[in-house]
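# A look at the structure
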Amino acid sequence: MTDLATKNNLAQCLSRVKQQIAEASTTSLHPEPAVELLAVSKKHPAAKIQQLFALGQSRFGENYVQEGVAKVQALAHLAIDWHFIGPLQSNKSRLVAEHFHWLHTLDSLKLARRLNAQRPVDMAPLNILIQVNISQQASKSGISLAQVAALAGAIDTLDNLCLRGLMCIPAPEDESHLRADFLAMHEQFSALQKQYPQLDTLSMGMSADLGLAIECGSTMVRVGSAIFGQRP
Ligand SMILES: *Cc1c(COP(=O)(O)O)cnc(C)c1O
């Protein structure tokens, strides 16, 4: 495809996704704040991110540390809000602490302490979402709902981290199980917000289930293939 064709296609997909978000938002359990769109750009080149940025999209999510850092550096001249949304091993935490604005996958106090120590003092605190293993899948990342309050309390004491909310990746399930998982996340998020009023972000919903996630109270959907097409 020519550059122009790619750009027209990205523009169409982006506006279709925004339309879906707007429609689902009318049925949301949590109408405020407005739902934000995180464009998940893993495996897609920096040039496509730049095209989407020119179309007004400024929030991007990456899953792999080296690939993400390379894009952050290549696009340093653009005011992009970079979110790390992949699993993070502690030996790579420094790269995330030094290059990203958000981490969606915090699941241990040990990792929180490392990131807090590694966050450069001239950067704003790293925004943190606690990942919840909401479908209780044996081999998946994230903590249980029962562990959330204790980890939130510990993160709240770390000056270079700013706790913003919760994130989940439910198991591929039928709609009724998915809805139950999303609603359980929303309930935990609302309870936590009473204690920590700065919490404003419930990251749930991807290309295939963003409408349902928004209906159940998501405030940020992470959308890859519906914007970029299939990953190479
Ligand atoms: C890849 C990914 C997404 C986007 O998935 P799509 O189905 O392409 O929208 C969202 N969240 C996480 C954590 C991902 O790894």
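What comes next concerns the included structure. (Residues numbered from 1 in each chain as written. Predicted model: local features only at pLDDT ≥ 70, side-chain atom pairs only at ≥ 80, totals over all residues. Heavy atoms only, no water.)

So, on to the site of the ligand. Every one of the 13 residues lining the ligand counts as a neighbour, but Lys42, Asn63, Ser207, Ser225 and Arg231 are closest to it. Gly224 places a main-chain nitrogen or oxygen 2.8 Å from an oxygen atom of the ligand. Between the ligand and Ser225 there is a distance of 2.8 Å, counted from an oxygen atom to a backbone nitrogen or oxygen. Contact with the protein chains removes 89% of the 390 Å² of surface that the ligand exposes when unbound. Split into classes, the residues belonging to the shell around the ligand amount to six nonpolar, four polar and three charged. (Near = heavy atom within 4 Å. Polar contact = N/O pair within 3.5 Å; in protein donor to acceptor, adjacent residues only side chain to side chain. Areas by Shrake-Rupley, 256 points an atom, 1.4 Å probe, with all protein chains shown as cover. Nonpolar A, V, L, I, M, F, W, Y, C, P; charged D, E, K, R; others polar.)

A few words on the side chain of Asn63. By the element assignment, Asn63 lies in the loop between β2 (59-62) and α3 (65-74). Leaving out residues up to four positions away in the same chain, Asn63 has contacts with Val40, Lys42, Phe84, Ile85 and Gly86. (Helix = DSSP H or I, 4+ residues; strand = E, 2+ residues; numbered from the N terminus. Contact = heavy atoms within 4.5 Å.)

Let us now look at the environment of Ala11. Relative to the elements of secondary structure, Ala11 occurs in helix α1 (residues 3-25). Taking relative accessible area as the criterion, Ala11 reaches 26% and is therefore assigned partly exposed. (Buried < 20%, exposed > 50% of the residue type's maximum accessible area, 1.4 Å probe, protein only.)

Let's shift gears to the pattern of salt bridges. Throughout the structure, instances matching the rule amount to seven salt bridges. One salt bridge connects Glu98 with Arg94, and the closest N-O pair in it is separated by 3.6 Å. Within this pair, Glu98 and its partner Arg94 are both found in helix α4 (residues 93-99), separated by four residues, close to a single helical turn. The partly exposed category is assigned to Arg94, whose relative accessible area is 44%. Several salt bridges converge on common partners, so that one network encompasses Glu62, Glu67 and Lys71. (Salt bridge = Lys/Arg side-chain N within 4 Å of Asp/Glu carboxyl O.)

Without other data, these values stay purely geometric and don't point to any function.
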